[in-house]
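Residue-level listing of the chains:
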Amino acid sequence: MKIEVIVFDLYNTLIEIRKKRNYFGLIYRNCDLQKVISFSDFINLLLTKDLKKAIDLLPTSFELELRKQAPEFEKEIESIIVFPETNLILSSLAERYPLFLISNLASIYKKPFFDLDLSNWFEKALFSCDLGIRKPNKLIFKEVEKISGKSDRQILMIGDSLKSDIYGAKQ
């Protein structure tokens, strides 16, 4: 079957954090959250909920540490760059295919997608924090099928994670 739609991952596929600060790991350790929630559940919460909801669900120390570490987060966000070939590739592909984006990210990491004008290339961007599900869950990929009206065999997924992007799309 012929490819009719192309889906991209965002981080490490189209853009890169040059000065990664492990912002949420730092907050997790500083707040001593391991007594309340496992790190994997903590990350899942941040990737599948709006940050305001996460603040409501976690101890007060989380919000306080989040505010305290905000300058570190800003440094991380300021270090984000678009890979040099990204806009050329997206421009070329957008002439022939509808483009979609699926990204596992915390809501505060959506801003660079818009600030770097990447949103202009995509029919729709699907973020795990908005949908409440994350890759490799097949339901997030099914959203592209619903929106585009194309079958899974007509959709190509491009990403950097074998587990989340490739295996997830193959489901």
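Structure: see above.
Structure report, in brief. Just so it is clear, the model here is predicted, and its values are computed rather than measured.

**Concerning the sheet that holds strand β5 (residues 124-127)**
For step 1, the next point in the chain: In space, the 4 strands of this open sheet follow the order β5-β4-β1-β6, with parallel pairing throughout. Both edges of this open sheet fall to β5 and β6 (155-158), since each of them pairs with a single strand only. Averaged over all adjacent pairs, the angle separating strand axes in this sheet is 20°, with direction ignored.
For step 2, the next point in the chain: Where strand β4 (residues 99-103) and β5 come together, 4 bridges link them in parallel fashion. Within the sheet, the bridge partner assigned to Ser 103 lies in β5 and is Phe 127.
For step 3, the next point in the chain: Strands in contact with helix α9 (residues 138-148) are β1 (5-8), β4, β5 and β6; relative to β4, the strand with the most contacts, it is inclined by about 160°.

**Here we look at the pattern of salt bridges**
For step 1, the next point in the chain: Evaluated as defined, the whole model comprises 11 salt bridges.
For step 2, the next point in the chain: Ionic pairing is found between Glu 72 and Lys 75, a salt bridge with its closest N-O pair at 3.2 Å. Residue Glu 72 and its partner Lys 75 are located together in helix α5 (residues 70-78), separated by 3 residues, close to a single helical turn.
For step 3, the next point in the chain: Note on Lys 75: relative accessible area 39%, which makes it partly exposed.
For step 4, the next point in the chain: Across the salt bridge formed by Asp 130 and Lys 110, the nearest N and O atoms sit 3.1 Å from each other. A residue pair is termed long-range when its members are at least 10 positions apart, and Asp 130 in helix α8 (residues 128-131) and Lys 110 in the loop between β4 and α7 (111-115) qualify at 20 residues.

The rules behind each value
As a convention, each chain's residues are numbered from 1 in the sequence order in which they are written. Local features in this predicted model are restricted to residues of pLDDT 70 or higher, and side-chain atom pairs are both shown and tallied only at a pLDDT of 80 or more, whereas totals for entire chains, interfaces and linings draw on every residue. With hydrogens and water set aside, each side-chain value is computed from the structure's full complement of heavy atoms. We treat two strands as partners when DSSP finds at least two bridges between them. In this text, helices come from DSSP runs of H or I with a minimum length of four residues, and strands from runs of E with a minimum of two, each type numbered from the N-terminal end. Between the N-to-C directions of two axes lies an angle of 0 to 180 degrees, each axis being a line fitted to C-alpha atoms and, for a helix, fitted only over the stretch in contact. Any two residues whose heavy atoms approach within 4.5 Å at even a single point are treated as in contact. When a carboxyl oxygen of Asp or Glu lies within 4 Å of a side-chain nitrogen of Lys or Arg, that pair is called a salt bridge. When a residue's accessible area, from a 1.4 Å probe over protein chains only, is under 20% of the maximum for its type it is buried; when over 50% it is exposed; and in between it is partly exposed.

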